[in-house]
Amino acid sequence: METRMSRNRRSVRHKKPLYKKWWFWVLIVLVLIIFGKAISGGSSDAVFLDVNKTTATLSSDSSEAKISFDTNKGNKYTVTDTSSNKEVVNATADTGSEEITFSSAGEYRIKVERNDETKSKIITIKPVNANDSEADMEQEPAETTDDTQKPAKSADSNSVPREYKSALRKAKSYSDTMHMSKAGIYDQLTSEYGEKFSAEAAQYAVDNLKADYNANALKKAKSYQDDQDMSPEGIRDQLTSEYGEKFTQEEADYAIEHLND
């Protein structure tokens, strides 16, 4: 006679394993679909804006510079001159690998829009190297054949080395197009990754440069406010930081005071 215990053991042995139940495989398929969508969506967002380089120099031959960036196909993007807030490019990404040609030195903002999100990058276009510019080619006046004495050049003009004059012209371009501080210009002139002028030439340049550093600080401040949505105190810190713009405290104070003028 079959006991109750033997019947229970037999019923346990005949239970189907979990993987043989239809709802288990339906659940697996749903999880895989959701996971696949999450992966594809995440990789798409990762390409949102990737600028290959943020600095370029105008060519002495074509007076142009090119900047490339990657984004998602179909994203809208604009390029704005930060000094004038003028939009110079308004386009839609055709392939996802975009290239922009610049013909003027200055600071520009690339902004990409996707759905309700916006990303931007600041890029810098440097002027043609002063040493390659025709403006640096100074010609000596032709010798006269008569006995009339030529007017003497000023001692200051004769005594200034060519390198010093080139450094001064380069400093002026940094001030006019990139609105840099005095200390920032000096560092750029002497940097091994920048212009590589001697310390003496760079010092001559910043000492003789006629620049309105208050105005430069204000333009930088407005750029930080418009492009990065920074607070006034955050902008002040960035303007005076030794790792930032290196303006003086007085110049930074002026910029913050007139930030919303």
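So, how was this worked out
Residues numbered from 1 in each chain as written. Predicted model: local features only at pLDDT ≥ 70, side-chain atom pairs only at ≥ 80, totals over all residues. Heavy atoms only, no water. Helix = DSSP H or I, 4+ residues; strand = E, 2+ residues; numbered from the N terminus. Contact = heavy atoms within 4.5 Å. Areas by Shrake-Rupley, 256 points an atom, 1.4 Å probe, with all protein chains shown as cover. Axes fitted to C-alpha atoms, helices over the stretch in contact; angles between N-to-C directions. Parallel < 35°, antiparallel > 145°, perpendicular 65-115°, else oblique. Left-handed = near helix turned anticlockwise from the far one by under 90°. Nonpolar A, V, L, I, M, F, W, Y, C, P; charged D, E, K, R; others polar. Pairing = 2+ DSSP bridges. Salt bridge = Lys/Arg side-chain N within 4 Å of Asp/Glu carboxyl O. Buried < 20%, exposed > 50% of the residue type's maximum accessible area, 1.4 Å probe, protein only. Patch = residues over 30% accessible without salt bridge, like charges linked within 9 Å, V, L, I, M, F, W, Y side chains within 5 Å. Phe/Tyr/Trp six-rings, centres within 6.5 Å; stacked < 30°, edge-to-face > 60°.

Caption draft 1: Quick look at the overall build of the chain. Scanning the chain for helices and strands turns up 9 helices and 8 strands. Of the contacts made within the chain by residues no fewer than 6 positions apart, 57% connect residues no fewer than 24 positions apart. Per element, the accessible surface of the chain, about 17200 Å² overall, is 49% carbon and sulfur.

Caption draft 2: Broad picture of the packing of helix α7 (residues 213–228) against helix α8 (residues 232–240). Where α7 contacts α8, the two axes come as close as 10 Å, and the packing angle between them is 130°. Judged on the interaxial angle alone, α8 and α7 are oblique. Where α7 crosses over α8, the handedness of that crossing is right-handed. Seen from α7, the contacting residues are Ala217, Lys220, Ala221, Tyr224 and Gln225; seen from α8, they are Ile235, Gln238 and Leu239. Across the contact of α7 with α8, the residue classes break down as 5 nonpolar, 2 polar and 1 charged.

Caption draft 3: Summary view of the sheet that holds strand β3 (residues 65–70). Taken together, 3 strands build an open sheet; the order of strands is β1-β3-β6 and the sheet is antiparallel. The open sheet has two edge strands, β1 (50–51) and β6 (97–102), and neither has a second partner. Bridge analysis of β1 against β3 gives 2 bridges, and the strand direction is antiparallel. Residue pairing for β3: Asp50 is matched across the bridge by Asp70.

Caption draft 4: Structural detail: the pattern of salt bridges. Tallied over the full model, the rule gives 9 salt bridges. Across the pair Arg236 and Asp253 runs a salt bridge whose closest N-O atoms are separated by 2.4 Å. Of this pair, Arg236 sits in helix α8 while Asp253 sits in helix α9 (residues 249–257), and the two are 17 residues apart along the sequence. Judged by its relative accessible area of 19%, Arg236 falls in the buried class. On the accessibility criterion, Asp253 (32% relative accessible area) is partly exposed. Linked by salt bridges that have partners in common, Glu107, Lys220 and Glu245 make up one network.

Caption draft 5: Seen up close, a nonpolar patch on the surface. On the surface, Trp22, Trp23, Val26, Val29, Leu30 and Ile33 cluster together into a nonpolar patch covering about 630 Å² of accessible area. If you trace the backbone, Val29 turns up in helix α2 (residues 22–46). You can call Val29 partly exposed: its relative accessible area is 45%.

Caption draft 6: Just the pairing of β3, in detail. Of the two faces of β3, only one is covered, namely that formed by Ala65, Ile67 and Phe69; the face formed by Lys66, Ser68 and Asp70 stays uncovered. As paired strands, β3 and β6 are joined by 6 bridges and run antiparallel to one another. Across the sheet, Asp70 pairs through a bridge with Ser97, a residue of β6.

Caption draft 7: Seen up close, the packing of aromatic side chains. For the structure on display, the rule yields 3 aromatic pairs. With a centroid separation of 5.4 Å and an interplanar angle of 45°, the aromatic rings of Tyr164 and Tyr204 are classed as tilted. Here Tyr204 lies in helix α6 (residues 199–208) and Tyr164 lies in helix α4 (residues 162–178), a separation of 40 residues in the sequence. A relative accessible area of 21% places Tyr164 in the partly exposed class.

Caption draft 8: Region of the structure containing the environment of Ser83. Relative to the helices and strands, Ser83 resides in the loop between β4 (76–81) and β5 (86–92). A residue is classified by how much of its surface remains accessible, and Ser83, at 39% relative accessible area, is partly exposed. Ser83 sits 25 residues away from Tyr108 along the chain, and the two C-alpha atoms are 8.1 Å apart.

Caption draft 9: Inspection of the packing of α8 against α9 at higher detail. α9 packs onto α8 with a crossing angle of 150° between their chain directions and a minimal axis gap of 9 Å. One finds that α8 runs roughly antiparallel with respect to α9. Seen from above, α8 lies across α9 with right-handed handedness. Contacts from Pro232, Ile235, Arg236, Leu239 and Thr240 in α8 reach Gln249, Ala252, Asp253, Ala255 and Ile256 in α9.

Caption draft 10: Geometry of the sheet that holds strand β7 (residues 106–114). Pairing is mixed across the open sheet formed by 5 strands, whose spatial order is β2-β8-β7-β4-β5. Looking at which strands have only one partner, the edges of the open sheet turn out to be β2 (55–57) and β5. Ignoring strand direction, the axes of neighbouring strands in this sheet form an average angle of 20°.

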